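Remarks on the overall topology
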Amino acid sequence: MLKKEKYEIEKSNIQNVEEEIKKLEEALSSVIEETKNSIKELQKEENNEQLQIMQAYLMILQDETLLERTKIMIKDEQLDSIYATKKGLDEIIENFKNIDNEYLAERAKDIEDIKNRIIFKLLNKEEAKFHNLEPNTIIVTDELTTSDTSDINLKNVQGIISEIGGPNSHVSIIARNKQIPMIIRVDDVADKVKNGDLLIINGDTGEIYINPPNEEIKKYQELQRLAQEKKIKLEAYKNKSAKTKDNYQVEISCNIGKPADLEDAINVGADGIGLFRTEFLFMDSKQMPTEEEQFESYKKVAEIMKEKLSIIRTLDVGGDKEIPYLNLEKEDNPFLGYRAIRLCLENTELFKIQLRAILRASKYGNLAIMFPMISTIEELRKAKSIVEECKSELDDKKIPYNSNIKVGMMIEIPATAIMADSFAKECDFFSIGTNDLIQYTLAAERGNPKIAHLYTKNHPAIIKLIKYTVEAAHNNGIFCGMCGEAASNIHYIPLLVGLGLDEFSMNSSAILEAKRVITNLDKNNCEKLVEKVLKAESDKEVEKILKEFKY
Ligand code: PEP
Ligand code: MG
């Protein structure tokens, strides 16, 4: 277990101003040196995302004005370098926090982090080093900062426990993709454990054991062994296609948030990319990614996935996904507000930059465009006409692209599922976004724990909407996928096979298990299961039928 240390500071006065300033400058140089070394390492690893973060850090560290106030305090108030660093940088942090601009307010966190690093140097204390972790380390922290995240050697991280943090924080997303168990919002955990303690964490249940008795260790070692064994068995499905016993074949595709996730998609033998959540490119960047930057990302997907269909979803920001530099107004009901395609259709320049980048990249593989949060046919038509405009612009400049690129839409608003027949006539494919479809159909916000019991894919209304959507797609000769979390649920997959879903898209970590389930199914039996489920009137009944289904 490695714990992020905290420090206590007391004010003391000094005799020798010069000496105190010298100590401060040495501490700063040493932090700059460490940052440069991290940058070199990241350049070697070609880790561009973390590289950008560290380069921005270096710029702040090298800014002459950073320690100006601190030095004045040492000279004028005879404060010691540690106390003056805290006081001087706290002033800057407060100023940043008070600026009514989310991006700049965020920078306050970077300066807070820099303050701690300098103070650790001045205290001659070793900060917890995340880049040199021992194998099997569990990180315990009040909060993982951006620079901590950049520093972590994930191969050696066995788990993370954090007092602060949300499921969509940078570190939560990375942990999920790498299948690292993480428990967040645990009060005072950093005070309850010390470095070197033996910890067991259960990411499924949120349980944490500090220095557990031997029997508990044995029990968890056994669970770990079984999980490892299962993982090895699942490897066999990597090169198998997802075909039922009676030869009904579906596609198992992968959801990604950035090109770096492609490696995991390839490693599990994904049939394609069913959802590239491009908003992560925007969220990971400090300003709007340029057309060139976006083009490079989409091109990577096209080149790596080759002929396998890779669906690039246009910017889906808003709701629970914030992008500070877009300066969006706070809304009372963000999930029902100005988000995704609604925002893109109002900001056509931003939208066109993205569409041109996707079109240009389409020449390198098999890309498709998908619009999120469509609610009316006019929105679909307008979005498509902007794609056509972009194509003409590229034609004028003789820039090549795939002129037959498929254009589809997400079905995640109940109105579009009910009207799926009309929408199917005007696009090339559907992908059902159950994460949002459930919250909008059942009026139950997707992240609100108080109403989690209402938010369920098993509600008969959700199943009927999926059924309408798949049927409308097939009646109009287009394919229907699903990229919401429901697509990877092992009890739901048989139902979706019975309903005739063509493509299942999910996190890479769920793909092998989904292939295993599908290869053991019989389409006929799945259709019988559908008949039974359609007679049910409550989610509890549906859940029971799905759990009892034998295959
Ligand atoms: C969905 O809504 O199901 C979906 C896949 O999109 P997101 O989770 O990004 O809203
Ligand atoms: Mg959605």
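Residues numbered from 1 in each chain as written. Chains lettered and ligands numbered in written order. Predicted model: local features only at pLDDT ≥ 70, side-chain atom pairs only at ≥ 80, totals over all residues. Heavy atoms only, no water.

A look at the packing of helix α14 (residues 348-361) against helix α15 (residues 377-396)
A pair of packed helices is characterised by two quantities: the angle between their axes and the separation of those axes. Contact pair α14 / α15: the axes reach a minimum separation of 9 Å and the direction vectors enclose 60°. In terms of orientation, α14 and α15 fall into the oblique class. Crossing of α14 over α15 shows right-handed handedness. Across from T348, F351, K352, L355, R356, L359 and R360 in α14, the residues of α15 making contact are A383, I386, V387, E389, C390, K391, E393 and L394. Taken together, the residues of the contact of α14 with α15 break down into eight nonpolar, one polar and six charged. (Axes fitted to C-alpha atoms, helices over the stretch in contact; angles between N-to-C directions. Helix = DSSP H or I, 4+ residues; strand = E, 2+ residues; numbered from the N terminus. Parallel < 35°, antiparallel > 145°, perpendicular 65-115°, else oblique. Left-handed = near helix turned anticlockwise from the far one by under 90°. Contact = heavy atoms within 4.5 Å. Nonpolar A, V, L, I, M, F, W, Y, C, P; charged D, E, K, R; others polar.)

A few points about the site of ligand 1
Taken together, 14 residues are adjacent to ligand 1, and R277, R313, G433, N435 and R446 come closest. Between E412 and ligand 1, the recorded distance is 3.0 Å, taken from a side-chain N or O atom to an oxygen atom. In this structure, an oxygen atom belonging to ligand 1 sits 3.1 Å away from a main-chain N or O atom of T434. Here ligand 1 has 290 Å² of accessible area as a free molecule, and 99% of this is covered by the chains. Every element with two or more residues in the shell around ligand 1 is listed here: β9 (273-277) and α18 (434-442). Its residues placed into classes, the shell around ligand 1 shows three nonpolar, four polar and seven charged. (Near = heavy atom within 4 Å. Polar contact = N/O pair within 3.5 Å; in protein donor to acceptor, adjacent residues only side chain to side chain. Areas by Shrake-Rupley, 256 points an atom, 1.4 Å probe, with all protein chains shown as cover.)

Some remarks on the side chain of D271
Among the structural elements, D271 can be located in the loop between α10 (262-267) and β9. Put simply, D271 is tucked away with no salt bridge, and the nearest opposite charge, on K515, sits 4.9 Å away. Within the local environment of D271, its side chain forms a polar contact with the backbone nitrogen of I252, the two atoms lying 2.7 Å apart. Filtering out sequence-adjacent residues up to four positions away, D271 remains in contact with V250, E251, I252, S253, K308 and L309. (Buried < 20%, exposed > 50% of the residue type's maximum accessible area, 1.4 Å probe, protein only. Lys, Arg positive; Asp, Glu negative; His and termini not counted. Salt bridge = Lys/Arg side-chain N within 4 Å of Asp/Glu carboxyl O.)

Structural notes on unusual backbone geometry
In this structure, N136 takes a positive phi of about 65° despite not being glycine. Located in the positive-phi region is A340, a residue other than glycine, with phi close to 45°. In this fold, A340 is placed in helix α13 (residues 340-346).

Here we look at the pairing of strand β11 (residues 367-371)
Counted residue by residue, β11 has five buried out of five residues, so it is predominantly covered. The side-chain alternation of β11 yields two buried faces, one formed by L367, I369 and F371 and the other by A368 and M370. In terms of strand pairing, strand β10 (residues 310-313) meets β11 through four bridges, oriented parallel. The residue of β11 that forms the bridge with I312 is I369. A crossover links β11 with its parallel partner strand β12 (residues 406-411), the connecting element being α15, and its sense is right-handed. (Pairing = 2+ DSSP bridges. Right-handed = clockwise from strand over helix to strand, strands pointing away.)

Everything listed here is a matter of geometry and, on its own, says nothing about what the molecule does.
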